[in-house]
Amino acid sequence: MKIERQNGAFSFYQTERIGDVTIKIRLFDSFGGIRKGFQEVAKNAVTQTAHYLPLHELTINIKNDPKKVIPNHGHSGRKLSAKEVQITVNPSFSDKEKLLQVELPRSVSHELHHAVRDKALPDEKSSLGAALIAEGLATVFETDVWGGEQSSWAKPLSKEQTETLLEKVIFESEDQNYNHARWFFGSSDLPRWAGYSIGVYLVKEYMRLHPSETAATLVGTPAKVIIDDLRQTVLKRKEMVP
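The structure displayed is predicted, hence computed values, not measured ones. (Residues numbered from 1 in each chain as written. Predicted model: local features only at pLDDT ≥ 70, side-chain atom pairs only at ≥ 80, totals over all residues. Heavy atoms only, no water.)

Peer 1: Give a description of the pattern of salt bridges that names residues and reports values.
Peer 2: A full pass over the atoms with the stated rule returns 11 salt bridges. A salt bridge links Glu 84 to Arg 26, with the nearest nitrogen and oxygen atoms 3.6 Å apart. Of this pair, Glu 84 sits in strand β6 (residues 84–89) while Arg 26 is found in strand β3 (residues 21–28), placing the two residues 58 residues apart along the sequence. For Asp 118, the salt bridge identified is with Lys 79, shortest N-O distance 3.7 Å. Highlighted residues: Asp 118 in helix α2 (residues 96–120) and Lys 79 in strand β5 (residues 75–81), separated in sequence by 39 residues. Classification of Asp 118 by relative accessible area gives partly exposed; the value is 28%. Relative accessible area serves as the criterion here: at 29%, Lys 79 is assigned to the partly exposed category. (Salt bridge = Lys/Arg side-chain N within 4 Å of Asp/Glu carboxyl O. Helix = DSSP H or I, 4+ residues; strand = E, 2+ residues; numbered from the N terminus. Buried < 20%, exposed > 50% of the residue type's maximum accessible area, 1.4 Å probe, protein only.)

Encoded structure:
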């Protein structure tokens, strides 16, 4: 275990070797005596994820900030770059066992999938379609690694909701100015988590058409390839009736 100071704050970090690759796991001093528990869970999650993905050198930051976690889940995650991901947790979350045994490991795998995809596709432009496929793949991937039920924000929508969203995706997938919060966190016209749910739907539909593919093997496949293929099936424009 090593200590470093960054921007005036102390952090504790350890490195995990995966073959020739070094993964840095860093927790900040606000964790106090429970730091080792979170660090060990993250270390095990990295090792498990490496069985599925070709990881590269990067840093995983784990921060204690209860105000920035998903309500009723005790954590949140984001990819900062291909070389750095961040997991934010609430160590005082009421169901700490679930946080440590389920939520944190899945979040680490999810964000690592994003980082590997970002490294594989550095020139992929940001768009609604790219976001839907990236989140769909990462969400399916975490279940491939850890099993269990799909994360609650990716539960299947009703048939009517799915059809309505697919119609939107058909015409908006290439939109580079899409409203991310609207699609992924809900709005007056879209249900909460809609982007995650429809992203998972699209990825699973693509894998149904291509049974040899998995969320891991598709980590470097451009979103456009997947969406263009689906335009022959679930994203096919309906005939206009005069």
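That shown, we press on.
Peer 1: Could you give me a rundown of the pairing of β3, with the residues and numbers involved?
Peer 2: Most of β3 sits out of view: 7 of its 8 residues are buried. Where β3 meets strand β4 (residues 58–64), 5 bridges bridge the pair, whose relative direction is parallel. When the bridges of β4 are listed, Ile 23 appears paired with Leu 58. (Pairing = 2+ DSSP bridges.)

Peer 1: Account for the pairing of β5, with residues named and values stated.
Peer 2: The sheet contact formed by β5 and β6 spans 6 bridges and is antiparallel. Opposite His 75, over in β6, you have Val 89 as the bridge partner. Linking two consecutive strands that pair antiparallel, namely β5 and β6, is a turn of 2 residues.

Peer 1: Describe the nonpolar core, with residues and values.
Peer 2: Grouped together as the largest cluster of nonpolar side chains are 63 residues, with contacts concentrated most on Ile 60, Trp 183, Leu 202 and Leu 235. The dominant element in this core, judged by the number of residues it contributes, is helix α3 (residues 128–146), at 9 residues. Excluding residues that lie within four positions of it along the chain, Trp 183 makes contacts with Leu 128, Leu 132, Leu 165, Lys 168, Val 169, Glu 172, Tyr 178, Leu 190, Trp 193, Ala 194, Gly 195 and Ile 198. (Core = buried A, V, L, I, M, F, W, Y, C linked by side-chain atoms within 4.5 Å. Contact = heavy atoms within 4.5 Å.)

Peer 1: Please give an account of the packing of aromatic side chains that cites residues and values.
Peer 2: What characterises a pair of aromatic rings is the spacing of the ring centres plus the angle enclosed by the ring planes. A full pass over the atoms with the stated rule returns 6 aromatic pairs. Both rings, one in Trp 153 and one in Trp 193, keep their centres 6.2 Å apart while their planes meet at 55 degrees; by these two values the pair is tilted. In this pair, Trp 153 sits in the loop between α3 and α4 (159–172) while Trp 193 sits in the loop between α5 (180–185) and α6 (194–209), placing the two residues 40 residues apart along the sequence. Each member of the pair, Trp 153 as well as Trp 193, carries the same accessibility label: buried. Taken together, a centroid distance of 6.0 Å and an interplanar angle of 70 degrees make the contact between Phe 185 and Trp 193 edge-to-face. The exposure class assigned to Trp 193 is buried, which follows from its relative accessible area of 13%. Members of the aromatic cluster, connected to one another through ring pairs, are Trp 153, Phe 184, Phe 185, Trp 193 and Tyr 196. (Phe/Tyr/Trp six-rings, centres within 6.5 Å; stacked < 30°, edge-to-face > 60°.)

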